[in-house]
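The lines below spell out each chain.
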Amino acid sequence: MSAVAVDHVVTRDQVVWGFGPDLEPVLEVDPGAIVRFETNDCFSGQITSEDDLVTEIDFERVNSATGPVAVRGAEPGDSLVVELLEVNPGPVGFATLIPGFGQLIDQVQSPLTRLFRVEGDTIHMNERVRFPLRPMVGVVGVATDGDLVLNGWAGRHGGNLDNHLHGPGARIFFPVRQPGGMFAVGDMHASMGDGEICFTGVEIAGEVVARFDVLKGKQATWPVTELDDRWLAHATALELADALDLVSEEAARLLVDEWGFSIEDAFIFLSVACDAGIAQGCKPAADFGTIARFSIPKIDATPRPFS
């Protein structure tokens, strides 16, 4: 159960399978509201043992996102601010090997399923291997201004951003493109590494507690995340080189527009003090893009943006 007092609950049967321009809210709240979202695992409960293989599931039931929630006063041109107060995974998760997916897929047996136990702050992979719990949510998004984007994909609205830093304490600024924003969340992981090279983290059901706010009259192209010590710019493209180009442009735009850098100084600062990274880059995987992020440290010259 949540340690935070919540104003509303959205249950795991209230889901969307994609983000488009015509989402209807299951709940409407005021800025400042705290909502608990019950989330399904990425395969909606279809895998419960190591005998359940990903080749046998219904792929129409992948990456459900609980919601959407509309926030009063959020209008196109604003940013919807979602603060992840808690990300609480359940007791058992899984990872899979999927034929055709991942950098090592030609060297392994697939399909294959592994179960993981979550006990306190520790994940048990087997009797010998255990590692720290690092809960996060993969799908975080808002309504689009154009086509429907299924939850397996990421885009300017967010969606399947698969950023392992989207855990407790992250504040995500989403560009509002439809009234209310229309936020939904799913695809929880007890842990996921950068790259997610086998295309799954420790997939798991759980609960997310989030607080909402609205920032009027400012937004980026992609979601921007605030952590205690840094900012994260995002971008996605089919190929790594294109994603790196786009996220570099987005990070530079943030430095120029919010903190008064020249484009030349932004270019240099990104190279000498910031970190480009891959949130998700499972290849080969037809049609699935690379999700890139740029980490900008919080220093005196880069205080809180969007204010």
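See above for the structure.
Reading the values: rules and limits
Residues numbered from 1 in each chain as written. Predicted model: local features only at pLDDT ≥ 70, side-chain atom pairs only at ≥ 80, totals over all residues. Heavy atoms only, no water. Patch = residues over 30% accessible without salt bridge, like charges linked within 9 Å, V, L, I, M, F, W, Y side chains within 5 Å. Areas by Shrake-Rupley, 256 points an atom, 1.4 Å probe, with all protein chains shown as cover. Salt bridge = Lys/Arg side-chain N within 4 Å of Asp/Glu carboxyl O. Lys, Arg positive; Asp, Glu negative; His and termini not counted. Charge placed at Lys NZ, Arg CZ, Asp CG, Glu CD. Helix = DSSP H or I, 4+ residues; strand = E, 2+ residues; numbered from the N terminus. Buried < 20%, exposed > 50% of the residue type's maximum accessible area, 1.4 Å probe, protein only. Pairing = 2+ DSSP bridges. Axes fitted to C-alpha atoms, helices over the stretch in contact; angles between N-to-C directions. Phe/Tyr/Trp six-rings, centres within 6.5 Å; stacked < 30°, edge-to-face > 60°. Lys NZ or Arg CZ within 6 Å of the ring centre and 35° of its normal.

Visitor: What should I look at first to understand a negative patch on the surface in this one?
Guide: A cluster of acidic residues, E239, D242, D245 and E249, forms a negative patch at the surface. Tracing the backbone shows E239 in the loop between β20 (230-237) and α1 (240-259). On the basis of relative accessible area, E239 is assigned to the partly exposed category, the value being 43%.

Visitor: Mind showing me how you'd approach a nonpolar patch on the surface here?
Guide: A surface patch of nonpolar side chains, about 240 Å² in accessible area, is lined by L104, V108 and I197. With respect to the helices and strands, the residue L104 is situated in the loop between β8 (92-97) and β9 (112-119). Owing to a relative accessible area of 46%, L104 belongs among the partly exposed residues under this scheme.

Visitor: It is not clear to me how the sheet that holds strand β10 (residues 122-124) should be interpreted in this structure. Could you clarify?
Guide: Where strands meet in a sheet, backbone hydrogen bonds hold them as pairs that are either parallel or antiparallel. Taking strand neighbours across the sheet as the criterion, the four strands line up as β8-β9-β10-β11 in an open arrangement whose pairing is antiparallel. Either end of the sheet is taken by a strand with one partner, and the two such strands are β8 and β11 (130-132). Neighbouring strand axes in the sheet, compared pairwise and without regard to direction, differ in orientation by 30 degrees on average.

Visitor: Got a minute to help me understand the packing of aromatic side chains in this structure?
Guide: Aromatic ring pairs are reported here in terms of the distance separating the ring centres and the angle at which the planes meet. Scanning all chains against the criterion turns up 10 aromatic pairs. Where F116 meets F131, the ring centres are 6.4 Å apart and the plane angle is 75 degrees; that geometry is what we call edge-to-face. Of the two residues, F116 is situated in strand β9 and F131 in strand β11; the sequence distance between them amounts to 15 residues. Relative to W259, the ring of W231 has its centre 5.9 Å away and its plane inclined at 40 degrees; by these criteria the two rings are tilted. Here W259 lies in helix α1 and W231 lies in strand β20, a separation of 28 residues in the sequence. Both residues of the pair, W231 and W259, count as buried. Three or more aromatic residues joined by ring pairs form one cluster here, namely F37, F174, F183 and F212. Its end group placed over the ring of W231, K298 keeps NZ or CZ at 4.7 Å from the ring centre.

Visitor: Please clarify how unusual backbone geometry should be interpreted in this entry.
Guide: Excluding glycine, most residues fall at negative phi; most peptide bonds, likewise, are trans. Of the consecutive residues G67 and P68, the connecting peptide bond is found in the cis state with omega at 5 degrees. Structurally, the position occupied by P68 is in strand β6 (residues 65-71). Following S110, the chain continues into P111 via a peptide bond in cis, with omega recorded as 5 degrees. Phi angles above zero are rare outside glycine, and S44 is one such case at about 55 degrees. Among the secondary structure elements, S44 is positioned in the loop between β5 (34-39) and β6. Residue classification places S44 among the buried residues on the basis of a relative accessible area of 16%. For F199, which is not a glycine, the phi torsion comes out positive at approximately 80 degrees. Tracing the backbone through its elements, the reader meets F199 in the loop between β17 (183-189) and β18 (206-215).

Visitor: Is there a simple way to explain the pairing of β6 in this structure?
Guide: Residues in a regular strand point their side chains to alternate faces of the sheet. Within β6, seven of the seven residues are buried, which leaves the element mostly enclosed by the surrounding structure. Examined bridge by bridge, strand β2 (residues 15-16) and β6 share two bridges and lie antiparallel to one another. When the bridges of β6 are listed, V16 appears paired with A65. Pairing of strand β4 (residues 27-29) with β6, which is carried by three bridges, proceeds in the parallel orientation. Paired with E28 across the strands is A70, a residue of β6. Examined bridge by bridge, β6 and β17 share three bridges and lie antiparallel to one another. Across the sheet, the residue bridging to V69 is F183, located in β17.

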